[in-house]
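Chain by chain, the residues:
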Amino acid sequence: MEADFISLKVDAVSQDLWRSINRPCRDLKLDKILDGIKQFAKDFKGIIVSETMLIDGIKYSNEFAKIADFLRGLAKLDKAYIAIPTRPPAEKWVKPAKEEILNVALQTFFKVLGSNRVEFLIGYEGNVFAFTGNVKEDLLSITAVHPMREEAVAELLKKANASWQIIDELLRNNELVRLEYEGNTYYMRKLFKNK
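Quick look at the structure, then. (Residues numbered from 1 in each chain as written. Predicted model: local features only at pLDDT ≥ 70, side-chain atom pairs only at ≥ 80, totals over all residues. Heavy atoms only, no water.)

**Here we look at the overall build of the protein**
Threshold: Each helix is a run of DSSP H or I of at least 4 residues and each strand a run of E of at least 2, with the numbering of both proceeding from the N terminus. Here the term buried applies to any residue with accessible area under 20% of the maximum for its type, exposed to any over 50%, and partly exposed to those in between, with areas from a 1.4 Å probe on protein chains only. Here, two residues are considered to be in contact whenever any of their heavy atoms come within 4.5 Å of each other. A 1.4 Å probe and the Shrake-Rupley method give the accessible areas. Residues count as covered only by the protein chains that appear here. Charge assignment: positive for Lys and Arg, negative for Asp and Glu; neither His nor the chain ends contribute. Note that the charge is assigned to NZ on lysines, CZ on arginines, CG on aspartates and CD on glutamates.
Counting secondary structure elements, the protein contains seven helices and seven strands. For the protein, the α and β elements follow one another from N to C terminus as β-α-α-β-α-β-α-β-α-β-α-α-β-β. For the protein, the residues scored as buried account for 41% of the 195 residues in total. Taking contacts inside the protein between residues at least 6 apart in sequence as the whole, the part at least 24 apart equals 69%. Summing over all exposed atoms, the protein offers an accessible surface of approximately 11600 Å²; the carbon and sulfur share of this is 51%. Side chains of the protein give 30 positive and 28 negative charges; the mean places of these two sets differ by 3 Å.

The structure is reproduced here in structure tokens:
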């Protein structure tokens, strides 16, 4: 409740679709999560936005209307974002939804929530990252949460007046991994170091 800005992830409001997309722990119950979101939105005083990630190969049918209705029912919602994966996802099969699907979602959200409260999050967010001066720690901190495009890594190294040798060392030491996604090279902190 002390935060100024909260982003809620609402990829589905139908149990089967939610399980298919998000693959939650068996013990989690979507209705309890949605009720918790509603209660939170009643009490929270800061900015609330939602993010709905759309992926290819999912039969959404009337789910967009259901999501938009749920969002409309929140006591407070400043913005509803419709997103696609723009960084390497956890599963290789996950691909961004096609433009036609994005447009159907957008038009549906517009009708229910109003066009001034709905936006796309479908592009690369840029290369501006925090910089403390310790380039190795900065890279590991950023990539633990957010895979970085190769050009963003190059910009950070340039800012630190450091060479690509740092990246080579992090890769060699299994602290960083190189990934390819949608024609771009990304660097991400290695989740589990090999013994």
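**Here's the deal with the packing of aromatic side chains**
What counts, and what does not: Pairing of aromatic side chains requires ring centres within 6.5 Å, counting the rings of Phe and Tyr and the six-membered ring of Trp. Pairs whose planes differ by under 30 degrees are stacked, by over 60 edge-to-face, and all others tilted.
Throughout the structure, instances matching the rule amount to three aromatic pairs. Note on Phe40 and Phe44: the rings are 5.0 Å apart at their centroids and 20 degrees apart in plane angle, and the pair reads as stacked. Its relative accessible area of 3% is what places Phe44 among the buried residues.

**Structural notes on the environment of Asp16**
Relative to the helices and strands, Asp16 resides in helix α1 (residues 15-22). On the basis of relative accessibility, which here comes to 66%, the residue Asp16 falls in the exposed class. For the pair formed by Asp16 and Leu30, sequence separation is 14 residues and the distance between their alpha carbons is 9.7 Å.

**Things to note about the sheet that holds strand β5 (residues 148-149)**
What counts here: Two strands qualify as a pair provided that DSSP identifies no fewer than 2 bridges between them.
On the basis of which strands lie adjacent, the open sheet formed by three strands has the order β5-β7-β6 and antiparallel pairing. A single partner strand is all that each edge strand has here, and the edge strands are β5 and β6 (176-181).

**Here we look at the sheet that holds strand β3 (residues 79-83)**
Quick reminder of the rule: Helix axes are fitted only over the stretch in contact, all axes being lines through C-alpha atoms; the angle between N-to-C directions runs from 0 to 180 degrees.
With parallel pairing, four strands are arranged side by side in an open sheet as β1-β2-β3-β4. If you trace the sheet from one side to the other, it starts and ends with β1 (5-9) and β4 (118-121), each paired once. Put simply, the sheet's adjacent strands are angled 25 degrees from each other on average, direction ignored. With five bridges connecting them, strand β2 (residues 47-53) and β3 associate as parallel partners. Each bridged residue has a counterpart across the sheet, and for Glu51 the counterpart in β3 is Tyr81.

**Notes on the layout of surface pockets**
In plain terms, the rule: Here a cavity is any set of points on a 1 Å grid over the protein atoms alone where a 1.4 Å probe fits but cannot get out, and a pocket is any open set with protein on both sides within 12 Å along at least 5 of 7 lines; a residue lines the site when it has an atom within 4 Å of a point. Grid points are joined across faces, edges and corners, and a volume is the space filled by probe spheres set on the points. Ten residues, namely Ala, Val, Leu, Ile, Met, Phe, Trp, Tyr, Cys and Pro, are considered nonpolar, four, namely Asp, Glu, Lys and Arg, are considered charged, and the remaining ones, Gly among them, are considered polar.
Quantified by volume, the largest pocket comes out at close to 970 Å³. Contributing elements (two or more residues each) for the lining of the largest pocket: α1, β2 and β6. Ranked by residues supplied to the lining of the largest pocket, first place goes to β6 with three residues. Across the lining of the largest pocket, the residue classes tally to 17 nonpolar, three polar and eleven charged.

**As for the pairing of strand β7 (residues 184-189)**
Bridging between β5 and β7 involves two bridges; their strand directions are antiparallel. Residue pairing for β7: Arg149 is matched across the bridge by Tyr186. In the sheet, β6 pairs with β7 via six bridges, with the strands oriented antiparallel. Bridge pairing in β7 links Leu176 to Arg189. Hairpin connection between β6 and β7: a loop of two residues separates the two successive antiparallel strands, and Glu182 in this loop has a positive phi of roughly 50 degrees.

**Some thoughts on the pattern of salt bridges**
Note the threshold: By convention in these notes, a salt bridge is any Lys or Arg side-chain nitrogen within 4 Å of a carboxyl oxygen on Asp or Glu.
Here the structure, examined in full by the defined rule, presents eight salt bridges. Across the pair Lys136 and Glu169 runs a salt bridge, and its minimum N-O distance is 3.4 Å. Here the residue Lys136 occupies a position in helix α5 (residues 135-145), and Glu169 occupies one in helix α7 (residues 165-172), the gap between them amounting to 33 residues. With a relative accessible area of 27%, Lys136 lands in the partly exposed category.

**Some points on the packing of helix α3 (residues 63-72) against helix α4 (residues 99-113)**
In a pair of packed helices, the angle between the axes and the distance between the axes together describe the arrangement. Selection rule: Take the far helix as the reference: if the near one is turned anticlockwise from it by less than a right angle, the crossing is left-handed, and if turned clockwise, right-handed.
With their axes 9 Å apart at the nearest point, α3 and α4 run at an angle of 35 degrees to one another. Relative to α4, α3 is oriented so that their crossing is right-handed. Contact with α3, carried on its side by Phe64, Ala65, Ile67, Ala68, Asp69, Leu71 and Arg72, involves Ile101, Val104, Ala105, Thr108, Phe109, Val112 and Leu113 of α4 and no other residues of that element. Among the residues making up the contact of α3 with α4, the classes are represented as eleven nonpolar, one polar and two charged.

All we've got here are geometric facts, nothing functional implied.
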